[in-house]
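Residue-level structural notes
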Amino acid sequence: MLIVTSNEIPGHRIDAVFGEVMGLTVRSRDIGSQMLAGFRSLGGGELPEMTRALYESRQEVMARMVNEAQQRGANAIVAMRFDTSEMGTNWTEVCAYGTAVYVLPLGEGEPGATGQSVYLTKTASQQPAQGQPQQPDQPTHPSPQAPPHQF
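Nothing here was measured: the structure is a model prediction, and the numbers come from that model.

**Let's talk about the overall build of the protein**
Along the protein, the regular secondary structure elements total three helices and four strands. Walking the protein from its N terminus toward its C terminus, one meets helices and strands in the order β-β-α-α-β-β-α. Of the accessible surface of the protein, which amounts to about 9,400 Å², a share of 53% is contributed by carbon and sulfur atoms.

Here it is as structure tokens:
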């Protein structure tokens with residue numbers, strides 16, 4: 001799944017928009033880690049326990065967001081953002097959100113095509129899509145009954 005923070009993907013055309021998707025978690029802080037981090041904060045510098053907890057939370061919400069997008073038939077997420085907030089004294093909410101879309105790479109000669117998109121269209125045209133030959137200049141479009149193709 002291609003995930004970008006921009007509203008568009010260079011070398012790709014957004015062919016379908018499936019709407020906002022998100023992943024969310026609320027974590028309580030381990031009192032032991034919180035006390036250890038409190039002592040470490042006296043000397044300054046990074047708090048590895050808190051860094052690890054935030055990193056794991058972000059990975060979890062990203063996976064949830066991707067899962068939701070895939071269930072809708074998307075192969076990319078644009079305008080992806082993270083949001084965090086404190087809930088009470090010991091809870092932290094972490095959210096990842098964006099817009100689920102289906103993108104098609106632009107082929108050679110198409111305005112806006114990039115080296116990557118040309119490569120993707122050539123690679124896709126050389127491989128049959130779901131047991132059927134795919135025409136080079138006409139990438140297969142997802143239908144509600146069939147899962148989307150991965151480029």
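**Focus on the pattern of salt bridges**
Counted by the stated rule, this structure contains five salt bridges. Ionic pairing is found between E60 and R64, a salt bridge with its closest N-O pair at 2.5 Å. One end of the pair is E60 and the other is R64, both in helix 2 (residues 48-72) and four residues apart, which spans about a single turn. Residue classification places R64 among the partly exposed positions, given a relative accessible area of 40%. Close ionic contact of R72 with E68 constitutes a salt bridge, the shortest N to O distance being 2.8 Å. Taken together, the residues R72 and E68, both in helix 2 and four residues apart, mark about one turn of the helix.

**Quick notes on the nonpolar core**
Residues V21, V61, M62, M65, V66, A69, A74, I77, M80, V94, A96 and A100 constitute the largest nonpolar core, which totals twelve residues. Among the secondary structure elements, those contributing two or more residues to this core are helix 2, strand 3 (76-87) and strand 4 (91-105). At five residues, the largest contribution of residues to this core is made by helix 2. V61 has contacts with G23, L24, T25, F82, V94, C95 and A96, leaving out every residue within four places of it along the chain. Judged by nonpolar contacts, the second largest core, of six residues, contains A76, V78, V101 and V103.

**Brief notes about helix 3 (residues 115-126)**
Between the first and last C-alpha of helix 3 there are 17 Å, a value that for twelve residues agrees with the 16 Å anticipated at 1.5 Å per step. Residues of helix 3 that are buried: S117, V118, L120, T121 and A124. All buried residues of helix 3 fall inside an arc of 160 degrees around its axis, so they share one side. Of the exposed residues in helix 3, the ones pointing more than 90 degrees away from its buried face are G115, Q116, Y119 and Q126. Against strand 2 (12-28) and strand 4 lie the buried residues of helix 3.

**Concerning the pairing of strand 4**
Regular strands place side chains that alternate from one sheet face to the opposite one. Across the 15 residues of strand 4, eleven count as buried, placing the element largely inside the fold. Pairing analysis gives 15 bridges linking strand 2 to strand 4, with the strands arranged antiparallel. Each residue of the ladder has a partner; that of R27, found in strand 4, is T92. Pairing of strand 3 with strand 4 involves ten bridges; the strand directions are antiparallel. Bridging across to strand 4, V78 finds its partner in T99.

**What about a nonpolar patch on the surface?**
Taken together, the side chains of V26, M87 and W91 make up a nonpolar region of the molecular surface, amounting to roughly 280 Å² of accessible area. Here V26 lies in strand 2.

Conventions and cut-offs
Residues numbered from 1 in each chain as written. Predicted model: local features only at pLDDT ≥ 70, side-chain atom pairs only at ≥ 80, totals over all residues. Heavy atoms only, no water. Helix = DSSP H or I, 4+ residues; strand = E, 2+ residues; numbered from the N terminus. Areas by Shrake-Rupley, 256 points an atom, 1.4 Å probe, with all protein chains shown as cover. Salt bridge = Lys/Arg side-chain N within 4 Å of Asp/Glu carboxyl O. Buried < 20%, exposed > 50% of the residue type's maximum accessible area, 1.4 Å probe, protein only. Core = buried A, V, L, I, M, F, W, Y, C linked by side-chain atoms within 4.5 Å. Contact = heavy atoms within 4.5 Å. Expected span 1.5 Å × (residues − 1). Arc of directions from axis to C-beta. Pairing = 2+ DSSP bridges. Patch = residues over 30% accessible without salt bridge, like charges linked within 9 Å, V, L, I, M, F, W, Y side chains within 5 Å.

All quantities given are derived from atomic positions and should not be read as evidence of function.
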